[in-house]
Amino acid sequence: MNGPQIDRRGILASGFAGAAASMVLPAIATARAPGGGVLAPRPPMGWNSWNSFATTITEAQARETAAIMSSKLLPFGYDIFTVDIQWYEPEASSYEYNGNPVPAMDGYGRLIPAPNRFPSSADGSGFTKLAADVHRMGMKFGIHLMRGIPRLAVKKNLPILGTKYRAADVADTTSICSWNPDMYGVDMTKPGAQAYYDSVFRLYADWGVDFVKMDDMSRPYDAHAPEIEGAHKAIVNTGRPMMLSLSPGETPVIRGDHVRQYAQMWRISDDFWDEWAMLEAQFTRLENWNTWRRPGAWPDADMLPLGRLALGKRDTKFTPDEQRTLMTLWSIARSPLIMGGDLRHLDAPTLALLTNRDVLAVNQSSTDNRPHFVQDGARIWSARPEGSQDRYLALFNTTDKPKEVTIALRDLGKSGSVAVRDLWSGRAAGTARDRITRTVSPHGAELYRLT
């Protein structure tokens, strides 16, 4: 999520100071899907409340949105419904955070839904009822969680469930988030620290949570790595197959092996919004992270800021061409597809953009995804459909004028003549011999299947 809007220039994470020493990975247990398979074998798809509701979503809004999602998006694979930050804050009202929060907690310092916003939790059952209803709609239920332990729990020095320790025994009061006032870090060297995280994830597993977006985890990455490992271990200890998504971005690329051991997805940038400069910067980040992607481990270019955004105040600033570029890039690079716009105002063009089955197949069912550098102002990616020798080809024009983008078929492992099918239109687009060349709109993209 949801830190300050900074560092939008596409600076690569691999140059972080202090990241030269390699981590030694211990033998670890792995969170598994039912039946023992890989958790998140394909890029996760879903909806998240941040882009449209900020900190303010209520139970009524969540239920209305989930019903729309189940009807309009679930048939196309979007199946993770996530309530983002500060669901525990009774007075949350905007994209800003209250300076002196009084979060809803239980007697063990574990955050619980604010009952004035989520009335089904007033009996102490937390998100149990909302999660069960989301499950009945055929979807998974996710929540956002800040790293650490509530500052209010430390102030009250609440006990840690099942131990003789208290909140002040495990809190690191020097480890604070620069943009959110809710939590202190947890010192994982202290007795009781792992027990605290175990108790948190045990509670959320009991509620029926399937997905946890955990924030303030990646900057600085090395300083927070023990808590990343602690959260992973706590999930494994619950026995429930909960996906772990790390946020915000700037995870150093050289920490790729570590992060994919402990999380199913992780942000590769700061908060992504509907500005062309931010979208253009994601090309380089996705290229740099390409080799670290594997089933169960997905570099995350962030949510899709499409449709109605920002507490209903505006629609996306992306042009239609930029929206197609966004969906094409996220698909060919296999980033998770998490819609951020307000589904209550979902219009036909946005729905069509999100539900093109041929494009979604690129995201969900492709292999050998790779970038090809050709010339300034042009970006090219290719991939292979699962079980086929065909090639997917994505052509991008990042300039402000129409541009001819071209690549030799031999660079795609092809020769001679190929049939070209336009995946966005679903129509045949002729044949190409020796190379494929197309004129691409400014800030635009084309996506083809070559046979």
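These figures come from a predicted structure and were not determined experimentally.

The rules behind each value
- Residues numbered from 1 in each chain as written.
- Predicted model: local features only at pLDDT ≥ 70, side-chain atom pairs only at ≥ 80, totals over all residues.
- Heavy atoms only, no water.
- Helix = DSSP H or I, 4+ residues; strand = E, 2+ residues; numbered from the N terminus.
- Rg over C-alpha atoms; globule rule 2.2 N^0.38 Å.
- Buried < 20%, exposed > 50% of the residue type's maximum accessible area, 1.4 Å probe, protein only.
- Contact = heavy atoms within 4.5 Å.
- Areas by Shrake-Rupley, 256 points an atom, 1.4 Å probe, with all protein chains shown as cover.
- Lys, Arg positive; Asp, Glu negative; His and termini not counted.
- Charge placed at Lys NZ, Arg CZ, Asp CG, Glu CD.
- pLDDT = per-residue confidence, 0-100.
- Pairing = 2+ DSSP bridges.
- Axes fitted to C-alpha atoms, helices over the stretch in contact; angles between N-to-C directions.
- Nonpolar A, V, L, I, M, F, W, Y, C, P; charged D, E, K, R; others polar.
- Expected span 1.5 Å × (residues − 1).
- Phe/Tyr/Trp six-rings, centres within 6.5 Å; stacked < 30°, edge-to-face > 60°.
- Lys NZ or Arg CZ within 6 Å of the ring centre and 35° of its normal.
- Salt bridge = Lys/Arg side-chain N within 4 Å of Asp/Glu carboxyl O.
- Polar contact = N/O pair within 3.5 Å; in protein donor to acceptor, adjacent residues only side chain to side chain.

## Focus on the overall build of the chain
Thought 1: Across its full length, the chain holds 12 helices and 21 strands.
Thought 2: What you see for the chain is a C-alpha radius of gyration of 22 Å, in line with the 22 Å of a compact globule of 451 residues.
Thought 3: Structurally, the chain occupies a C-alpha span of about 75 × 50 × 40 Å along its principal axes.
Thought 4: The buried share of the chain, reckoned over its 451 residues, is 58%.
Thought 5: Of the contacts formed within the chain by residues at least 6 apart in sequence, a portion of 73% connects residues at least 24 apart.
Thought 6: Working note: accessible area of the chain is about 16900 Å², and carbon and sulfur atoms make up 51% of it.
Thought 7: Within the chain, one finds 51 positive and 49 negative side-chain charges whose respective centroids are separated by 4 Å.

## Details of the confidence of the model for the chain
Thought 1: This prediction gives the chain a mean pLDDT of 93; 94% of its residues lie at or above 70.
Thought 2: Across residues 3-25, where pLDDT falls below 50, the model places 48 contacts with residues more than four positions away in sequence or in other chains.

## Details of the environment of Pro-385
Thought 1: With respect to the element layout, Pro-385 can be found in strand S15 (residues 378-385).
Thought 2: Taking relative accessible area as the criterion, Pro-385 reaches 3% and is therefore assigned buried.
Thought 3: For the pair Pro-385 and Leu-329, spaced 56 residues apart in the sequence, the C-alpha separation amounts to 16 Å.
Thought 4: Residues in contact with Pro-385, not counting those within four places in the same chain, are Ser-365, Asp-390, Arg-391, Tyr-392 and Arg-449.

## What to know about the sheet that holds S15
Thought 1: Strand order across the open sheet formed by six strands is S14-S15-S16-S21-S18-S19, with antiparallel pairing between neighbours. Sheet topology places strand S14 (366-372) and strand S19 (427-433) at the edges, where each strand pairs with a single neighbour. Here the strands of the sheet are splayed against their neighbours by 25° on average, with no regard to which way each runs.
Thought 2: Of the pairings in the sheet, the one linking strand S18 (residues 417-422) to strand S21 (residues 445-450) comprises three bridges and is antiparallel in character. Looking at S21, one finds that Asp-422 is bridged to Tyr-448.
Thought 3: Of the strands in this sheet, S14, S15 and strand S16 (391-397) are in contact with helix H9 (residues 276-289), which crosses S15 at around 45°.
Thought 4: Helix H12 (residues 357-364) contacts S14, S16, S18 and S21 of the sheet and is inclined by roughly 90° relative to S14.

## Concerning the packing of helix H10 (residues 320-332) against H12
Thought 1: The contact between H10 and H12 brings their axes to 7 Å, and the two run at 35°. Contacts between H10 and H12 involve Met-327, Trp-330, Ser-331 and Ile-332 from the former and Val-359, Leu-360, Val-362 and Asn-363 from the latter.
Thought 2: Here the residues of the contact of H10 with H12 sort into six nonpolar, two polar and no charged.

## Considering H9
Thought 1: Here H9 spans 20 Å end to end across 14 residues, near enough to the 20 Å set by a 1.5 Å rise per residue.
Thought 2: Turning to H9, its buried residues are Trp-276, Met-278, Leu-279, Ala-281, Gln-282, Phe-283, Arg-285, Leu-286 and Trp-289.
Thought 3: Against helix H8 (256-262), strand S9 (265-267), strand S10 (298-300), H10, S15 and S16 lie the buried residues of H9.

## Overview of the sheet that holds strand S6 (residues 183-186)
Thought 1: Strand order in the open sheet made by the three strands is S4-S6-S5, with antiparallel pairing throughout. Looking at strand neighbours, the two that pair on one side only are strand S4 (149-150) and strand S5 (171-176), the edges of this open sheet.
Thought 2: Strand direction decides the pairing type here: S4 and S6, joined by two bridges, are antiparallel. The residue bridging Ile-149 from the neighbouring strand is Tyr-184, located in S6.

## Notes on the packing of aromatic side chains
Thought 1: Inspection of the entire model under this criterion finds 18 aromatic pairs.
Thought 2: Look at Trp-47 and Phe-53: their rings are 6.2 Å apart centre to centre, the planes differ by 80°, and that puts the pair in the edge-to-face class.
Thought 3: With relative accessibility at 0%, the residue Trp-47 sits in the buried group.
Thought 4: An angle of 45° between the planes, with centres 5.2 Å apart, marks the rings of Phe-272 and Trp-330 as tilted. Within this pair, whereas Phe-272 is found in the loop between S9 and H9, its partner Trp-330 is found in helix H10, the two being separated by 58 residues in sequence. Trp-330 matches Phe-272 in its accessibility class, with the two residues each being buried.
Thought 5: An aromatic cluster of three or more residues is present, and its members are Trp-87, Tyr-88, Phe-118, Phe-127, Phe-141, Tyr-204 and Trp-207.
Thought 6: It is Arg-151 that lies over the ring of Tyr-184; its NZ or CZ is 5.1 Å from the centre.

## Quick word on the pattern of salt bridges
Thought 1: One pass over the structure, following the stated rule, counts 27 salt bridges.
Thought 2: The residue Arg-344 makes a salt bridge to Asp-342 at a minimum N-O spacing of 2.8 Å.
Thought 3: Among the residues examined, Arg-344 registers a relative accessible area of 31% and is labelled partly exposed.
Thought 4: Sharing partners across several salt bridges, the network here consists of Glu-59, Arg-63, Asp-133 and Arg-136.

## Brief notes about the side chain of Arg-117
Thought 1: Looking at where Arg-117 falls in the secondary structure, it is placed in the loop between strand S2 (80-83) and helix H3 (128-136).
Thought 2: Glu-89 provides the closest opposite charge to the buried, unpaired Arg-117, separated from it by 6.8 Å.
Thought 3: Polar contacts involving the side chain of Arg-117 include one to the main-chain carbonyl oxygen of Glu-89, which spans 2.8 Å.
Thought 4: For Arg-117, the contacting residues outside a window of four places in its chain are Thr-55, Thr-56, Ile-57, Thr-58, Glu-59, Gln-86, Trp-87, Glu-89, Pro-90 and Ala-92.

## Digging into unusual backbone geometry
Thought 1: Cis peptide bonds are those with omega within 30 degrees of zero, and the linkage from Arg-219 to Pro-220 qualifies with 0°.
Thought 2: Along the polypeptide, Pro-220 turns up in the loop between strand S7 (211-215) and helix H7 (221-238).
Thought 3: A cis amide bond, omega -10°, links Ser-247 with the succeeding residue Pro-248.
Thought 4: Note on placement: Pro-248 falls in the loop between strand S8 (243-246) and H8.

## Quick look at the pairing of S21
Thought 1: In terms of burial, S21 is largely enclosed, as five of its six residues are buried.
Thought 2: Where S16 meets S21, six bridges bridge the pair, whose relative direction is antiparallel. Bridge assignment links Leu-395 to a residue of S21, and that residue is Glu-446.

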